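The residues making up each chain are set out below.
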Amino acid sequence: IIDYSDFGCSHCATFALNQGKQLRADYEASGKVRFEFKHMIIGGQATREAAMASECAADQGRFWDYHDALFSRQASSANPFTKPLLKRYAAELGLDATVFDPCVDNDVHRAKVAADESEARGLGITGTPTFFINGKKIQGAYPYEQFKAEVEAALAAAQ
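Residues numbered from 1 in each chain as written. Predicted model: local features only at pLDDT ≥ 70, side-chain atom pairs only at ≥ 80, totals over all residues. Heavy atoms only, no water.

## Some words on helix α7 (residues 144-158)
If you check α7, its first and last C-alpha atoms are 21 Å apart, about what 15 residues at 1.5 Å a residue would give, namely 21 Å. Considered for burial, the residues of α7 that qualify are Tyr144, Phe147, Val151 and Ala154. An end-on view of α7 places all buried positions within 95 degrees of arc, on one side of the element. Along α7, the residues that are exposed and aim more than 90 degrees away from the buried face are Glu145, Ala156 and Ala157. The secondary structure elements touched by the buried residues of α7 are α1 (10-28), β3 (130-133) and β4 (136-139). (Helix = DSSP H or I, 4+ residues; strand = E, 2+ residues; numbered from the N terminus. Expected span 1.5 Å × (residues − 1). Buried < 20%, exposed > 50% of the residue type's maximum accessible area, 1.4 Å probe, protein only. Arc of directions from axis to C-beta. Contact = heavy atoms within 4.5 Å.)

## Focus on the sheet that holds strand β1 (residues 2-5)
Strands sit in the order β2-β1-β3-β4 across an open sheet of four strands; the sheet is mixed. At either end of the open sheet lies a strand with only one pairing partner, and these are β2 (36-39) and β4. Each strand axis lies, on average, 20 degrees off the axis of its neighbour in the sheet, ignoring direction. With three bridges joining them, β1 and β3 adopt antiparallel strand pairing. (Pairing = 2+ DSSP bridges. Axes fitted to C-alpha atoms, helices over the stretch in contact; angles between N-to-C directions.)

## Section: the packing of α1 against helix α3 (residues 63-72)
Where α1 meets α3, the closest approach of the two axes is 9 Å, and the angle between their N-to-C directions is 155 degrees. Here α3 runs roughly antiparallel to α1, going by the angle between their axes. Here α1 and α3 pass one another in a crossing that is left-handed. Contact residues: Cys12, Ala13, Ala16, Leu17, Lys21, Arg24 and Glu28 in α1; Trp64, His67, Asp68, Phe71 and Ser72 in α3. For the contact of α1 with α3, the class distribution of residues is six nonpolar, two polar and four charged. (Parallel < 35°, antiparallel > 145°, perpendicular 65-115°, else oblique. Left-handed = near helix turned anticlockwise from the far one by under 90°. Nonpolar A, V, L, I, M, F, W, Y, C, P; charged D, E, K, R; others polar.)

## Focus: α3
By the criterion of burial, α3 is predominantly enclosed, with seven of the ten residues buried. Where α3 is buried, its residues touch β1, α1, β2, α2 (45-58), α4 (83-92) and α5 (97-105).

Structural data, given as structure tokens:
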């Protein structure tokens, strides 16, 4: 499952913290499904900063924890994605600040985020969240049961 989302998108947050978490728990742990998050920036520079910071967390093997932290803080202030706040969230998760902070300060993952955005546009994605389940495009944060049915159908087709 490939998920194209933006950390500033409220529909993406709803999916990530509910259906997405449940799908990862139900399918990823079993090894049946691999989840991949890709960045589709719709919120401008602030959410681009969050996207780059999430990749800095990934460098420490904590992408999904940081992903959830970003989505849960989305509406906590006018701009919850300033560099000082992004560093605070990492510290709260126990990430190594000596590695994380310079990664954020130097926009280390700018090219990776830009590549995800370019790929999304090339696939005709114009809104978030957009998913691909074994290549089948699904737009929107549908209810869990609908996603589960799509995953089950993809698993059955793969056998």
